[in-house]
Amino acid sequence: MVVDCEQVWHEISTYLEGDIDPALRSAMEEHFRTCKQCASVLEGTRNVIRLYGDERMIEVPAGFGRRLEKRLVQSARVTTSRWSSLSAWLVPVAALALFAGGLHVANSLTVGPELKSEHAQPGRGIPPDMLVVVTADAKVFHVAGCGVIHNKETERTLTAKEAMQQGYVPCLRCMREYLHTAAVGHIALESEADVGVDADEEDLHNSGR
Amino acid sequence: MTREQDLIARVQHGQNELFYELVQPYERRVFAAALAILRNENDAEDVAQEAMLKAFANIRQFRAEARFSTWLIQITVNEALMRRRRERTVVMEGIDDRRDEESDYAPRDFADWREIPSEALERKEVRQKLGEALATLDRKYREVFVLRDMEQLNIQETAKALGISVASVKTRLLRARLMLRDLLAAGWQQGWFSRLPFQKGSKPW
């Protein structure tokens, strides 16, 4: 196989990517040995890739990292304090429930609120801050824009956590990712206490994929 | 398990305070990805932050088979594209040329070459000149080049992030690289690298 200069220029990028037919590769190598111009194009292109690919080429404005960290920390704190205020609230409620109704009531509390649909699976691993929509008289929550939202004019947006606390269950279509067929008894009302259990389950799911 | 995998698992299980440690190694790349699309430092910084927050909110969806850095960059590109669409900054960049997808670009400068040492990048004016050269490229070439050659996404990931075909990525990438090569050649003549220890009479490409 013999290639001319124009073909070489056309393929020089894929040549450098290493994503090229072996016969074409050796034809190009042969060409570079004899054609000074194309060898110059090759090395110049290599220079471009190497120089621009260097970390030092990326400059950020002064204070960028500090401002980013601040914003993330603020956000993490908001999330954490929401969790802790929730669990702080759950403790006396759970205690009261234990006192009043014994184990049965306590169990139903850890399972979460009563689902609006008795046939539905509760969702798992849904990011609590994810924004979802629900509509009047419906039992499920959706990702905005899901094709099976009925009664669209009554749509309201809330976080997945709020939706689950109110007993909504994930839509079979748009929330499929978060539905596991294994019957899992708890809704993602995450408190510090079930983190450990959650971790084990997640590992099981991951290794099963 | 690497330190990164460990951090990911911990953040996924609620140790929010570790998130910054997890993303800190990539903060510069996230900014650069946003800047390549938005071309405005303030917008890019804002979008970089938004993208990080989004990654934080969705960290449980991250699956170990993907590279974390790629996942972050893809979220960033997506956020930046949404911002651009919303703010229609597109108008300011002129109408995008839909032709010349064909790589009919021919190199212009065939001077003798040598390697430009990476130490050249220690000099601010060299970085600045390279940055200016990149900024002269049309948007579609610049974006592909930045994602592939600066952000180190692969061809498929670049295509997916920008919502274009693999073939388009390849064509644009070729052209971007050749154009930059010519710009560097021209820059050499203007003395961008003049204080570098090259031998007399030889050019670095």
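Residues numbered from 1 in each chain as written. Chains lettered and ligands numbered in written order. Predicted model: local features only at pLDDT ≥ 70, side-chain atom pairs only at ≥ 80, totals over all residues.

1. A look at the overall build of chain A
Summing up its helical and strand segments, chain A has seven helices and four strands in all. Considering chain A as a whole, with its 209 residues, one finds that 21% of them fall into the buried category. (Helix = DSSP H or I, 4+ residues; strand = E, 2+ residues; numbered from the N terminus. Buried ≥ 20, exposed ≤ 12 C-beta atoms within 10 Å, placed from the backbone.)

2. Re the packing of helix H1 (residues 5-17) of chain A against helix H2 (residues 22-34) of chain A
Between two packed helices, both the angle of their axes relative to each other and the distance between the axes serve to describe the pair. Residue and element names in this part refer to chain A. Here H1 crosses H2 at 115°, and the two axes come no closer than 11 Å. The crossing of H1 and H2 is left-handed. Contact with H1, carried on its side by Val8, Glu11 and Tyr15, involves Leu24, Arg25, Met28 and His31 of H2 and no other residues of that element. Split into classes, the residues belonging to the contact of H1 with H2 amount to four nonpolar, one polar and two charged. (Axes fitted to C-alpha atoms, helices over the stretch in contact; angles between N-to-C directions. Left-handed = near helix turned anticlockwise from the far one by under 90°. Contact = placed C-beta atoms within 7 Å. Nonpolar A, V, L, I, M, F, W, Y, C, P; charged D, E, K, R; others polar.)

3. Details of the packing of H1(A) against helix H9 (residues 166-189) of chain B
Two elements in contact, H1(A) and H9(B), have axes separated by 9 Å at closest approach and are oriented at 105°. As judged from the angle between their axes, H1(A) and H9(B) are roughly perpendicular. Residues Trp9(A), Ile12(A), Ser13(A) and Thr14(A) of H1(A) touch H9(B), and the partners they reach there are Lys170(B), Leu173(B), Leu174(B), Arg177(B) and Leu178(B). By residue class, the composition of the contact of H1(A) with H9(B) is five nonpolar, two polar and two charged. (Parallel < 35°, antiparallel > 145°, perpendicular 65-115°, else oblique.)

4. Here's the deal with the interface of chain A and chain B
Accessible area lost on assembly of the parts is the figure often given for the size of an interface. Taken together, the contacts link 44 residues of chain A with 50 residues of chain B. Put simply, the parts of the chain that give the side of chain A that touches chain B at least two residues each are H1, helix H3 (36-52), helix H4 (64-101) and helix H7 (195-208) of chain A. The element that contributes the greatest number of residues to the side of chain A that touches chain B is H3(A), accounting for 12 residues. For the side of chain A that touches chain B, a count of residues per class yields 19 nonpolar, 15 polar and 10 charged.

5. Re the nonpolar core
With 74 residues, the main nonpolar core has Val30(B), Ala33(B), Ala34(B), Ala48(B) and Met52(B) as its most contacted residues. Looking at this core, the element that brings in the most residues is H9(B), giving 11 residues. The residues contacting Met52(B), other than those within four sequence positions of it, are Leu68(A), Leu72(A), Val23(B) and Val30(B). Formed by 15 residues, the second largest nonpolar core is a distinct cluster that contains Val132(A), Ala163(A), Met164(A) and Tyr168(A). (Core = buried A, V, L, I, M, F, W, Y, C linked by C-beta atoms within 7 Å.)

6. Comments concerning the environment of Cys5(A)
Residues and elements named next belong to chain A. With respect to the helices and strands, Cys5 occurs in helix H1. The class for Cys5 is partly exposed, based on 15 C-beta atoms found within 10 Å. In this structure, the C-alpha to C-alpha distance between Cys5 and Phe32, residues 27 residues apart in sequence, is 9.4 Å. If near-sequence neighbours (up to four positions away) are discounted, Cys5 is found in contact with Cys35, Gln37 and Cys38.

7. Observations concerning H3(A)
For an α-helix, 3.6 residues make a turn, and residues three or four places apart therefore share a direction. The terminal C-alpha atoms of H3(A) lie 24 Å apart, and with 17 residues this matches the ideal 24 Å at 1.5 Å per residue to within 8%. Every buried residue belonging to H3(A) is among Cys38(A), Ser40(A), Val41(A), Leu42(A), Gly44(A), Thr45(A), Asn47(A), Val48(A), Ile49(A), Leu51(A) and Tyr52(A), and all of these are buried. (Expected span 1.5 Å × (residues − 1).)

8. Brief notes about the confidence of the model for chain A
Low-pLDDT stretches of the model should not have their predicted coordinates read in fine detail. Per-residue confidence for chain A averages 73 on the pLDDT scale, and 63% of its residues sit at or above 70. Under a pLDDT of 50 for its full length, residues 102-112 of chain A has, in the predicted model, 13 contacts with residues more than four places off or in other chains. (pLDDT = per-residue confidence, 0-100.)

9. With respect to unusual backbone geometry
Although it is not a glycine, Asp137(A) adopts a positive phi angle of roughly 65°. For Asp137(A), the location among the structural elements is in the loop between strand S1 (131-134) and strand S2 (140-141). Looking at Asp137(A), the number of C-beta atoms within 10 Å reads 9, which means it is exposed. In the Ramachandran plot, Arg39(B) falls in the positive-phi region, its phi being about 60° despite a non-glycine side chain. Accessibility expressed as a C-beta count within 10 Å gives 16 for Arg39(B), which makes it partly exposed.

10. As for the environment of Leu147(B)
Residues and elements named next belong to chain B. Residue placement: Leu147 occurs in helix H7 (residues 139-150). Owing to 27 C-beta atoms within 10 Å, Leu147 belongs among the buried residues under this scheme. Sequence-wise, Leu147 and Leu162 are 15 residues apart; in three dimensions their C-alpha atoms are separated by 9.2 Å. For Leu147, the residues in contact, after removing those within four places along its chain, are Ala33, Val77, Leu153, Thr158, Ala161 and Leu162.

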